[in-house]
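Structural description and commentary
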Amino acid sequence: MAEPRTLILILGDQLSLSLSSLKDADPARDRVLMCEVAEEATYVRHHKRKIAFIFSAMRHFAEELRQKGFDVRYTRLDDEGNAGSFGGEVERAIAALRPQRLRVTEAGEWRVMEMIRSWEALFGLPVEVLPDDRFLCSHAQFQSWAEGRASLRMEYFYREMRRRTGLLMRGDEPEGRRWNFDADNRQKAERDLFRPSHAQFAPDAITLKVLELVERRFSNHIGSLEGFGFAVTRADAQTVADGFIRDFLPEFGIKQDAMLSADPFLNHSLVSFYINIGFLDPLDLCRAAERAYHEGLAPLNSVEGFIRQIIGWREFVRGVYWMTMPDYAQSNFFDAARPLPDFYWTGDTQMNCLSITIKDTIRHAYAHHIQRLMVTGNFAMLAGIDPRQVHEWYLEVYADAYEWVELPNVLGMSQFADGGLLASKPYAASGAYIDRMSDYCGDCRYDVTAKTGPDACPFNRLYWDFIGRNIDRLGRVPRLQPVVRNWSRMSADRQALLRRDAQDFLDTL
Ligand code: FAD
Ligand code: DLZ
Ligand code: SF4
């Protein structure tokens with residue numbers, strides 16, 4: 001090929017044929033660049049499964065582009081001369097191919113956008129950055145929705161998104177005359193030997209090579225590659241989505257908040273991996289769920305709940321991220337400073353809920369929402385762990401973690417580190433919540449009904465200490481007033497006893 005007109009850089013989470021940077025591409029004149037680079041795999045030490053998933057998905061996507069006639073310059077991690085960073089690889093490609101311009105769809109992460117913004121001056125050629133229209137709400141739309149609001153509430157944003165997409169709408173009215181059916185959800189799960197299993201995919205030759213590479217290069221990263229079964233092609237990701245709609249959506253709602261020792265996946269969809277890299281389209285998924293409702297295959301509480309997670313929460317956290325970065329990453333409302341306990345890296349703790357959640361995480365690079373929020377997140381907030389360390393842990397261990405979605409969920413939703421910009425109250429709970437929603441407590445060395453003392457559930461021991469320690473800050477959170485009042489009504493002796501007892505536990509961490 002002669003010197004290309006446009007060099008199109010495609011990042012590892014941009015694996016969509018409908019990507020904005022590919023829309024007007026001409027395979028005869030333009031060239032695609034994809035690169036595996038050490039910097040992306042090690043700026044935090046991502047879980048081995050996550051790196052393998054992304055590299056294999058990238059390699060399969062490059063093949064798909066080639067079949068569509070594109071000339072793809074693909075740098076593998078081990079290729080001689082690999083510069084090790086996006087900037088370095090772009091520079092090498094420009095020197096080798098001499099394109100007239102570089103085109104890229106905006107990066108999901110602020111960190112990478114900063115790099116991209118520097119390239120025009122650095123490399124002396126025009127750099128076109130296109131919006132990522134795989135999201136349903138643009139930055140400008142989010143900004144104009146958020147403008148003038150003292151606090152941002154997902155529920156109102158979500159209603160806008162329902163109106164805008166027409167999903168589950170009857171004219172101007174929400175289907176079923178309610179916007180939100182969460183009150184019908186939140187049941188405890190029971191073991192169900194007949195629950196269908198989630199799809200797994202045996203590694204093909206491309207994946208096997210990647211697994212060997214990741215084992216060799218990232219042996220000191222968390223997790224293992226044994227039993228790797230992620231979908232690494234768009235077709236297999238679609239099989240996961242179809243299987244979810246058929247087998248798991250009907251009871252998605254009622255099982256959404258439940259936790260079971262023997263079943264880390266329950267009725268969750270396991271589609272975040274694939275939506276986030278671009279293999280699945282969020283709106284297509286929501287339309288498929290809506291169809292299942294209209295065909296009588298799934299009830300409204302499940303379908304509404306699923307659609308809300310995607311057009312509501314997913315779009316909302318992305319909006320908050322881009323509106324508030326880079327300052328958001330420094331949020332620390334409670335001035336929490338305790339280091340992350342070592343057991344977050346092993347699961348070796350006698351607290352059964354944490355042990356199971358962390359071991360599930362290490363094994364699968366996955367835990368579901370309530371495990372992330374009410375077990376690992378809740379514990380870190382109650383114990384006063386430095387939110388930056390909590391953030392880095394989540395970014396490393398989950399295969400669906402990219403900063404734009406992980407950071408607001410961790411800092412905002414789970415740690416309340418933004419002081420209530422994203423959530424209306426801290427998701428702080430004692431052991432009673434975990435006992436109600438799981439089967440974890442029965443097998444635990446601690447007593448979930450005891451409030452203090454060495455055998456009492458540590459969530460109970462920490463809960464009132466968290467309230468007492470942060471009483472001035474929590475006094476400013478309207479939804480927490482009943483709890484603040486309860487603490488204030490306790491005698492000074494009782495308060496001192498609870499604080500001392502919590503400190504005894506914290507000293508063991
Ligand atoms: P399901 O329960 O089946 O939900 C369906 C889809 O809804 C998900 O695939 C996801 O795309 C979307 N969704 C649901 N909740 C959220 C949410 N709060 N924010 C954004 N999208 C949502 N999600 C990520 O994709 N990446 C992360 O790094 C991430 N970190 C999280 C950290 C914490 C502390 C918490 C509380 C939540 C986090 N989430 C994250 C949101 C949620 O936990 C995951 O999206 C979900 O567990 C993925 O599994 P699933 O596909 O089976 O989801
Ligand atoms: C997460 C990740 C990893 C581990 N490796 C790569 C890579 O080698 N090449 C690549 O293009 N993308 C990778 N990614 C995804 C990027 O980190 C992701 O595109 C940015 O975080 C988005 O801003
Ligand atoms: Fe977790 Fe407490 Fe239940 Fe043990 S008793 S599993 S620590 S909530």
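1. Focus: the overall build of the protein chain
For the protein chain, the count of helices and strands is 21 helices and 7 strands. The C-alpha atoms of the protein chain give a radius of gyration of 24 Å, which matches the 23 Å a tight globule of 509 residues would have. Each of the 509 residues in the protein chain was classed as buried or not, and the buried ones make up 60%. Intrachain contacts of the protein chain at a sequence separation of at least 6 include 75% that bridge at least 24 residues. Accessible area of the protein chain: about 21100 Å², with a carbon and sulfur share of 48%. Placing the 63 positive and 72 negative side-chain charges of the protein chain at their respective mean positions leaves the two points 3 Å apart.

2. Some thoughts on the site of ligand 3
Every residue near ligand 3 is listed here: M351, N352, C353, G431, I434, Y440, C441, C444, Y446, V448, C457 and P458. Contributions of two or more residues to the shell around ligand 3 are made by α13 (352–364) and α17 (431–437). In the shell around ligand 3, the residues fall into 10 nonpolar, 2 polar and no charged.

3. Topic: the pattern of salt bridges
Oppositely charged side chains can pair when the atoms bearing their charge come close. Following the criterion strictly, the structure yields 33 salt bridges and no others. R31 is paired through a salt bridge with D71; the nearest N and O atoms lie 3.1 Å apart. With R31 in strand β2 (residues 31–35) and D71 in strand β3 (residues 71–75), this residue pair connects regions lying 40 residues apart in the sequence. Residue classification places R31 among the buried residues on the basis of a relative accessible area of 15%. Beyond isolated ion pairs, a larger network of salt bridges with shared partners links D78, E212, R216 and R217.

4. A look at the packing of helix α18 (residues 458–469) against helix α20 (residues 481–489)
Helices that pack against each other are described as a pair by the angle of their axes relative to one another and the distance between those axes. Relative orientation of the contacting elements α18 and α20 amounts to 95°, with a least axis distance of 10 Å. By the angle class used here, α18 and α20 are roughly perpendicular. Contacts between α18 and α20 involve Y463, W464, I467 and G468 from the first element and V483, N486 and W487 from the second. Here the residues of the contact of α18 with α20 are counted per class, giving 5 nonpolar, 2 polar and no charged.

5. Describing helix α21 (residues 492–506)
Between its first and last C-alpha atoms α21 spans 21 Å; for 15 residues at 1.5 Å apiece the expected length is 21 Å, and the two agree. Within α21, the full set of buried residues consists of Q495, L498, D501, A502, F505 and L506. Viewed along the axis of α21, the buried residues span an arc of 145°, placing them on a single side of the element. Exposed and oriented more than 90 degrees from the buried face of α21 are A492, D493 and R500. Taken together, the buried residues of α21 touch α14 (369–383), α18 and α20.

6. A word on the side chain of E396
Examined against the element boundaries, E396 turns out to sit in helix α15 (residues 387–397). For the buried E396, no salt bridge is present, and the opposite-charge side chain at shortest range is R45, 5.2 Å distant. Excluding its chain neighbours within four sequence positions, the residues that come into contact with E396 are V44, R45, H46, H47, K50 and W345.

7. Considerations on the site of ligand 1
Residues in contact with ligand 1 amount to 28 residues; listed here are only the nearest, H268, S269, L270, Y366 and N409. A distance of 3.0 Å separates an oxygen atom of ligand 1 from a polar atom in the backbone of S272. One of the side-chain nitrogen or oxygen atoms of N409 is found 2.9 Å away from a nitrogen atom of ligand 1. Secondary-structure elements contributing two or more residues to the shell around ligand 1 are α10 (272–277), α12 (300–324), α14 and α16 (403–414). Take the shell around ligand 1: its biggest share by element is 6 residues, from α16. By residue class, the composition of the shell around ligand 1 is 15 nonpolar, 9 polar and 4 charged. There are two domains that each give the shell around ligand 1 at least three residues, and those are domain 2 (139–198 + 232–321) and domain 3 (342–506).

8. Concerning α15
Of all 11 residues in α15, 8 are buried, a share of seventy percent or more. Among the residues of α15, those classed as buried are P387, V390, H391, W393, Y394, L395, E396 and V397. Check the buried side of α15 and you find it contacts α2 (48–67), α13, α14 and α16. The opening residue of α15, the one whose side-chain oxygen lies 3.0 Å from the backbone nitrogen of R388, is D386.

9. Some words on the side chain of R308
Its place among the elements puts R308 in helix α12. Judged by relative accessible area, which is 3%, R308 ranks as buried. Ignoring any residue separated from it by four or fewer positions in sequence, one finds R308 in contact with M154, E155, Y158, N180, F181, D182 and W313.

10. Overview of unusual backbone geometry
Geometrically, the link from M325 to P326 is a cis peptide bond, its omega value of 5° lying close to zero. We note that R177 has phi near 65°; this positive angle belongs to a residue other than glycine. Looking at where R177 falls in the secondary structure, it is placed in the loop between β7 (173–174) and α7 (205–217). Note on R177: relative accessible area 70%, which makes it exposed.

11. Some remarks on the pairing of strand β1 (residues 6–9)
Burial along β1 is two-sided: T6 and I8 facing one way and L7 and L9 facing the other are all buried. As defined by bridge partners, β1 adjoins strand β4 (residues 101–105) across 4 bridges and the pair is classed as parallel. Of the residues in β4, the one forming a bridge with T6 is R101. Bridge count for β1 against β2 is 3 bridges, and the pairing is parallel. For L7, the partnering residue across the bridge sits in β2 and is R31.

Cut-off values and rules
Residues numbered from 1 in each chain as written. Chains lettered and ligands numbered in written order. Predicted model: local features only at pLDDT ≥ 70, side-chain atom pairs only at ≥ 80, totals over all residues. Heavy atoms only, no water. Helix = DSSP H or I, 4+ residues; strand = E, 2+ residues; numbered from the N terminus. Rg over C-alpha atoms; globule rule 2.2 N^0.38 Å. Buried < 20%, exposed > 50% of the residue type's maximum accessible area, 1.4 Å probe, protein only. Contact = heavy atoms within 4.5 Å. Areas by Shrake-Rupley, 256 points an atom, 1.4 Å probe, with all protein chains shown as cover. Lys, Arg positive; Asp, Glu negative; His and termini not counted. Charge placed at Lys NZ, Arg CZ, Asp CG, Glu CD. Near = heavy atom within 4 Å. Nonpolar A, V, L, I, M, F, W, Y, C, P; charged D, E, K, R; others polar. Salt bridge = Lys/Arg side-chain N within 4 Å of Asp/Glu carboxyl O. Axes fitted to C-alpha atoms, helices over the stretch in contact; angles between N-to-C directions. Parallel < 35°, antiparallel > 145°, perpendicular 65-115°, else oblique. Expected span 1.5 Å × (residues − 1). Arc of directions from axis to C-beta. Polar contact = N/O pair within 3.5 Å; in protein donor to acceptor, adjacent residues only side chain to side chain. Domains from an automatic or database assignment. Pairing = 2+ DSSP bridges.

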